[in-house]
Each structure stands twice: as structure tokens, then as C-alpha cells.
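Read off the chains here:
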Amino acid sequence: MSLDALPPLREVIAEYGLNADKRFGQHYLLDLNLTAKIARRCGDMAEASVFEVGPGPGGLTRALLDEGAGQVIAIEKDRRFLPALDAVNAASGNRLAVIEADAMKVAEPAIETMFQRRMLASNLPYNVGTALLIKWLNAEPIWWERLVLMFQKEVAERVVALPGDKAYGRLAILTGAVASARYAFTVPARAFTPPPKVDSAVVVLDPLPEASRFTDLEALSTVTESAFGQRRKTLRKSIGMAASQCGAPPETLLASAELDPAARAETIAPEGFFALARAWRTAKV
């Protein structure tokens, strides 16, 4: 059997009783044109192992294989999907490996793959999408050469936001520390089964050159969490929590980072927060 000969996803869902489970934030994307569009954002996959989190009945999985992925490694914690994914593997010529696990607990670099090039493409479960992104941004070293991820549209906008944008905040800064991110396209809620309450969007992330990355994400997370936790206040007031953790007055940290104490967090470019994180780390040591 080839991938083209596999039954439609709706039939697979009915045959195996794969109704979406709200506990896992499951919403199935059954439109093959859309899954192919997502897969093509990975670029050339011929000599790559592509990780996928939460493949469900295998819609995007099929698309990744059909668009030429050398190997797909699917991480799925809901064992109900394993028989359907086994059928996809057989139809693909055994190019699919399935790992039954919680993606938050998986150490991707330790997984044996067929190819050195590694990417990741996923329709992420809504309830863990942001946490998974932060996990992959914190990877040391960065093991992926591209992430193609679908989030709730609001989260996607936060990933790619620029200073001054309403959505600009901690997530955009953490992302910008190690990767360039671009908004690819919107996926309407009606494209899913069952339809969620909000639209989704696909974001593409490519790692920055190693020399251009800001790697102290622990310090960066601390100062941005403090600054955006009270985003309507000036930096002098909003970074108080971070300042107390390193034992330096807010004014000292801001002076070291050459930031205006009267500015608000939403106006500061990522580079300003990188400087603030360095000042925080220096003071803490």
C-alpha cells in the first residue's frame, strides 16, 4: 500500500474510534491541501529526520512523508493513535518511527535518527504549545535547523511580535534570542475537527548563527517576566522583582544596560533586554 492508497482521515477516525480528547487539546486538521502547505514550509526534507509532536490520526504525518521527508519521528502520548500510525508507517516504506511519550519529557537530541539534519513540524496541542516552544528554544546546543509550528493565532502573533506591537512581550524576546521567526499563514478554526473557538496560525523559525544567539535564557526569562508582569509601569518599577533576585537596585541594572528607567517594557527592543539580562547575571554573581 502507498500513502495515496490510505483511507481518508475521517474513515480512520471512525474505524479506530479516535474522537478528539479535550484533555490533550486535540483538534484534527483533515484538509490535505493545508497539511501539504504546512509540510512544504519545511523546505527540502529529503535527507532530514522530521520530528512531529502529537500526530493524532496522521494527517500532517502523511503530508510530511508525501512531501519527501527522509524520516518522520512522531511523538504521541495517546496510545489510541498507534494502530493508525502503524498503517502510515507501512504505507511509507517504514519511514515513520513512533515514540509513545510525553513530548515535554522527551530528550530529542538523544533519539537515534536516520539523518543528521533534524527539523520539527507540528500542529501543536493548544495546552502545551508555548511550553514546548520554550523547551526547544532552551535546547543546548540547538539541535533543529527549522521549526514549523502551528499555534493558536494569538500565540503565533506573540512569537513574531515587534517592539510597540500589542502582542510584543516575553515570548517574542525569548524567541528572538536564538531564532528568526516569521508568520507563515492563518488556518481558520473551521478547518479543524472539532473546530476550536479561535483561529490558528503557522510560524516558521530558523536558528540564528551560533555567534549571534543570546544564550543565557535563564537570565533573560527572569528580567522579561518581571518587566512584562507589570507592563504598564515604567522599567524602574516593573523590574523590581528581578532586581530583588540579584540584589542590585533597579536603577543600577538599568544604568548598566543603558536603558531609560522611564521607558516601558513594550518599547524596548530585544537587544535592550539582552543587555539587561547580562547586567542581572553580573549582579547576581
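Residues numbered from 1 in each chain as written. Predicted model: local features only at pLDDT ≥ 70, side-chain atom pairs only at ≥ 80, totals over all residues. Heavy atoms only, no water.

**Q** Which parts of the structure should I look at to understand the overall build of the protein?
**A** Per the secondary structure count, the protein includes twelve helices and nine strands. The C-alpha radius of gyration computed for the protein amounts to 21 Å, which stays within 12% of the reference 19 Å derived for 285 residues, consistent with globular compactness. Taking the principal axes of the C-alpha coordinates as reference, the protein spans close to 65 × 40 × 30 Å. Burial statistics for the protein: of 285 residues in total, 52% are counted as buried. Considering only residue pairs separated by 6 or more positions, the protein has 70% of its internal contacts joining residues 24 or more positions apart. Here the protein has roughly 13100 Å² of accessible surface; of this, 50% comes from carbon and sulfur atoms. In the protein, which carries 33 positive and 33 negative side-chain charges, the distance between the mean positions of the two groups comes to 7 Å. (Helix = DSSP H or I, 4+ residues; strand = E, 2+ residues; numbered from the N terminus. Rg over C-alpha atoms; globule rule 2.2 N^0.38 Å. Buried < 20%, exposed > 50% of the residue type's maximum accessible area, 1.4 Å probe, protein only. Contact = heavy atoms within 4.5 Å. Areas by Shrake-Rupley, 256 points an atom, 1.4 Å probe, with all protein chains shown as cover. Lys, Arg positive; Asp, Glu negative; His and termini not counted. Charge placed at Lys NZ, Arg CZ, Asp CG, Glu CD.)

**Q** Can you walk me through the pattern of salt bridges in this structure?
**A** Where side chains of opposite charge bring their charged atoms close, a pairing between them can arise. Under the definition given, this model contains twelve salt bridges. A salt bridge links Asp-206 to Arg-182; the shortest N-O distance between them is 3.0 Å. Residue Asp-206 is located in strand S9 (residues 200–207), and its partner Arg-182 is located in strand S7 (residues 179–187); the two are separated by 24 residues in the primary sequence. Taking the relative accessible area as the measure of exposure, Arg-182 reaches 37% and is therefore partly exposed. Within the structure, one salt-bridge network assembled from shared partners comprises Arg-146, Arg-182 and Asp-206. (Salt bridge = Lys/Arg side-chain N within 4 Å of Asp/Glu carboxyl O.)

**Q** I'm lost on the pairing of strand S2 (residues 48–53) in this one. Help?
**A** Along a regular strand, successive side chains alternate from one face of the sheet to the other. The buried fraction of S2 amounts to six of the six residues, a majority that puts the element mostly inside the structure. Because side chains alternate across S2, one face comprises the buried residues Ala-48, Val-50 and Glu-52, and the other comprises Ser-49, Phe-51 and Val-53, equally buried. In this sheet, strand S5 (residues 117–123) lies alongside S2 in parallel orientation, the contact comprising four bridges. For Ser-49, the partnering residue across the bridge sits in S5 and is Arg-118. (Pairing = 2+ DSSP bridges.)

**Q** Quick question: what am I supposed to make of the side chain of Ser-221 here?
**A** Looking at where Ser-221 falls in the secondary structure, it is placed in helix H8 (residues 217–229). For Ser-221, the residues in contact, after removing those within four places along its chain, are Arg-170 and Leu-174.

**Q** Sorry if this is basic, but what is going on with the packing of helix H7 (residues 170–178) against H8 here?
**A** Two packed helices can be described by the angle between their axes and the distance between those axes. It is the contact of H7 with H8, at a shortest axis distance of 9 Å, that shows an interaxial angle of 155 degrees. With respect to their mutual orientation, H7 and H8 come out roughly antiparallel. Crossing geometry of H7 relative to H8 is assigned as right-handed. Here Arg-170, Ile-173, Leu-174, Ala-177 and Val-178 of H7 lie close against H8, whose contacting residues are Leu-217, Leu-220, Ser-221, Thr-224, Glu-225 and Phe-228. Looking at the contact of H7 with H8, its residues break down into seven nonpolar, two polar and two charged. (Axes fitted to C-alpha atoms, helices over the stretch in contact; angles between N-to-C directions. Parallel < 35°, antiparallel > 145°, perpendicular 65-115°, else oblique. Left-handed = near helix turned anticlockwise from the far one by under 90°. Nonpolar A, V, L, I, M, F, W, Y, C, P; charged D, E, K, R; others polar.)

**Q** So what exactly am I meant to see when it comes to the packing of aromatic side chains here?
**A** Geometry of an aromatic ring pair is reported as the spacing of the ring centres plus the angle between the planes. A complete count under the given rule lists five aromatic pairs for this structure. Arranged with centres 5.1 Å apart and planes meeting at 65 degrees, the rings of Phe-51 and Trp-143 form a pair that is edge-to-face. One end of the pair, Phe-51, is in strand S2; the other, Trp-143, is in the loop between helix H5 (129–137) and strand S6 (146–152), and 92 residues separate them in sequence. One exposure class covers both Phe-51 and Trp-143, and it is buried. Arranged with centres 5.5 Å apart and planes meeting at 35 degrees, the rings of Phe-228 and Phe-273 form a pair that is tilted. Note that Phe-228 is positioned in helix H8 and Phe-273 in helix H12 (residues 270–284), a separation of 45 residues in sequence. The ring of Phe-185 has Lys-37 sitting right over it, with the charged end atom 4.3 Å from the ring centre. (Phe/Tyr/Trp six-rings, centres within 6.5 Å; stacked < 30°, edge-to-face > 60°. Lys NZ or Arg CZ within 6 Å of the ring centre and 35° of its normal.)

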